[in-house]
Amino acid sequence: PNSKFTYQVFFMRKLWSSTVPGKDRQADIIFHFHQELPKLLRGYHQCTNEEAAILAALIYRVKHAESKVDIASVLKSLLPSDLLKKMSSYEWKKEIVRAYNKDSGMSPDEAKVAFLKVIYRWPTYGSAFFEVTQVSDPNLPANLLVAINKQGLNLIQPEGKVRRVEGNYGEKGD
C-alpha cells in the first residue's frame, strides 16, 4: 500500500484473428504496436527499403519526436536488422527524414496506428514467429522461420524472406 511504484499489467495476444488497425485505437496504441515492433526490428517480415524508411519515420515519431535525437544514432532501433546494411547510414537518414516530413504534425499515437496500417497489408502481419532448425527435409534450408497467423502456418527462409511452405488450418500434412 505504501509503495513508491505504480504497476500496470498488459496481456498481449499471441495470435490475432480479427485485428484491423484503426478499429480499436486504444488496443492499437497500448498492445498491437508494441507487439509488432520487435518482429519488424528482428527482420521477420519481408519489407522493401521504401517501406522500411516509412516505418522507421513512424517509429522515430513514436520514440524520439519530443527529444529530436539524431536519427543516425538510433538506426538500429528504427530499421529491420536485415536491412541496416542495405544502405549507408547517411542514405537511411535521408530517406527516413523524407518520410518523417511527409507526416508533419502527426502525433506519436497516430504514428502507432499508421505503422500498423502499413504492416497490416503483409501476409505475415499478426504472426507468432519461431526461429527453428530443421534436419528432416533436404529440400528445405536448415534454418527457418515458422510464422503462425490466422491464415495458417508458413515456413520462411530467413535470407530473402522466401516463403517455402504455406498451409492453412484446413489442410492436413503427411
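As the structure is a prediction and not an experimental result, all values here were calculated from the model. (Residues numbered from 1 in each chain as written. Predicted model: local features only at pLDDT ≥ 70, side-chain atom pairs only at ≥ 80, totals over all residues. Heavy atoms only, no water.)

Draft legend 1. Representation of the overall build of the chain in the model. Assigned secondary structure in the chain consists of 4 helices and 4 strands. Scanning the chain from its N terminus toward the C terminus, one meets helices and strands in the order α-α-α-α-β-β-β-β. Counting across all 174 residues of the chain, residues that qualify as buried make up 40%. Looking at the chain alone, contacts between residues at least 24 apart form 52% of all its contacts between residues at least 6 apart. Total accessible area on the chain is roughly 10,800 Å²; 53% of this is exposed by carbon and sulfur atoms. (Helix = DSSP H or I, 4+ residues; strand = E, 2+ residues; numbered from the N terminus. Buried < 20%, exposed > 50% of the residue type's maximum accessible area, 1.4 Å probe, protein only. Contact = heavy atoms within 4.5 Å. Areas by Shrake-Rupley, 256 points an atom, 1.4 Å probe, with all protein chains shown as cover.)

Draft legend 2. Focus on the packing of aromatic side chains. All chains considered together, the criterion is met by 4 aromatic pairs. For the ring pair Phe33 and Phe115, a centre distance of 5.0 Å and an interplane angle of 75° mean the geometry is edge-to-face. On the criterion of sequence distance, the pair formed by Phe33 in helix H1 (residues 25-41) and Phe115 in helix H4 (residues 108-119) is long-range, its members being 82 residues apart. We classify Phe33 as buried; its relative accessible area is 1%. Positioned above the aromatic ring of Tyr100, the side-chain terminus of Arg61 is 3.9 Å from the ring centre. (Phe/Tyr/Trp six-rings, centres within 6.5 Å; stacked < 30°, edge-to-face > 60°. Lys NZ or Arg CZ within 6 Å of the ring centre and 35° of its normal.)

Draft legend 3. Highlighting the environment of Tyr125. With respect to the secondary-structure elements, Tyr125 resides in the loop between H4 and strand E1 (128-133). Here Tyr125 falls in the buried class, since its relative accessible area comes to 9%. Put simply, Tyr125 and Asn149 are 24 residues apart on the chain and 7.6 Å apart in space, counted from C-alpha to C-alpha.

Draft legend 4. Up close: H4. In a regular helix each residue adds 1.5 Å, so 12 residues correspond to 16 Å; H4 covers 17 Å between its end C-alpha atoms and thus fits that length. Along its buried surface, H4 packs onto H1 and helix H2 (49-64). (Expected span 1.5 Å × (residues − 1).)

Draft legend 5. Inspection of the side chain of Glu51 at higher detail. The residue Glu51 is located in helix H2 in this model. Here Trp122 takes part through its side chain, which lies 3.0 Å from a polar atom of the side chain of Glu51. (Polar contact = N/O pair within 3.5 Å; in protein donor to acceptor, adjacent residues only side chain to side chain.)

Draft legend 6. Spotlight on the pattern of salt bridges. For the structure on display, the rule yields 4 salt bridges. Measuring nitrogen to oxygen at the nearest pair gives 2.7 Å for the salt bridge that ties Lys93 to Asp70. Placement of the pair is Lys93 in helix H3 (residues 89-102) and Asp70 in the loop between H2 and H3, with a sequence separation of 23 residues. Using a relative accessible area of 36% as the deciding quantity, one classes Asp70 as partly exposed. For Lys161, the salt bridge goes to Asp82, with nearest N and O atoms at 2.8 Å. In this pair, Lys161 sits in the loop between strand E3 (152-157) and strand E4 (162-167) while Asp82 sits in the loop between H2 and H3, placing the two residues 79 residues apart along the sequence. Note on Asp82: relative accessible area 35%, which makes it partly exposed. (Salt bridge = Lys/Arg side-chain N within 4 Å of Asp/Glu carboxyl O.)

Draft legend 7. View of the nonpolar core. Core analysis: the biggest nonpolar cluster contains 34 residues, and Leu55, Leu78, Trp92, Ile96 and Phe115 have the highest contact counts within it. Residue assignment for this core shows that the elements contributing at least two residues are H1, H2, H3 and H4. Sorting elements by how many residues they give to this core places H2 first, with 9 residues. Every residue in contact with Leu55, bar those within four places of it in the chain, is listed here: Leu40, Cys47, Phe115, Val118, Ile119 and Trp122. One finds Tyr44, Phe129, Leu145 and Ile156 within the second-largest nonpolar core, a separate group that totals 5 residues. (Core = buried A, V, L, I, M, F, W, Y, C linked by side-chain atoms within 4.5 Å.)

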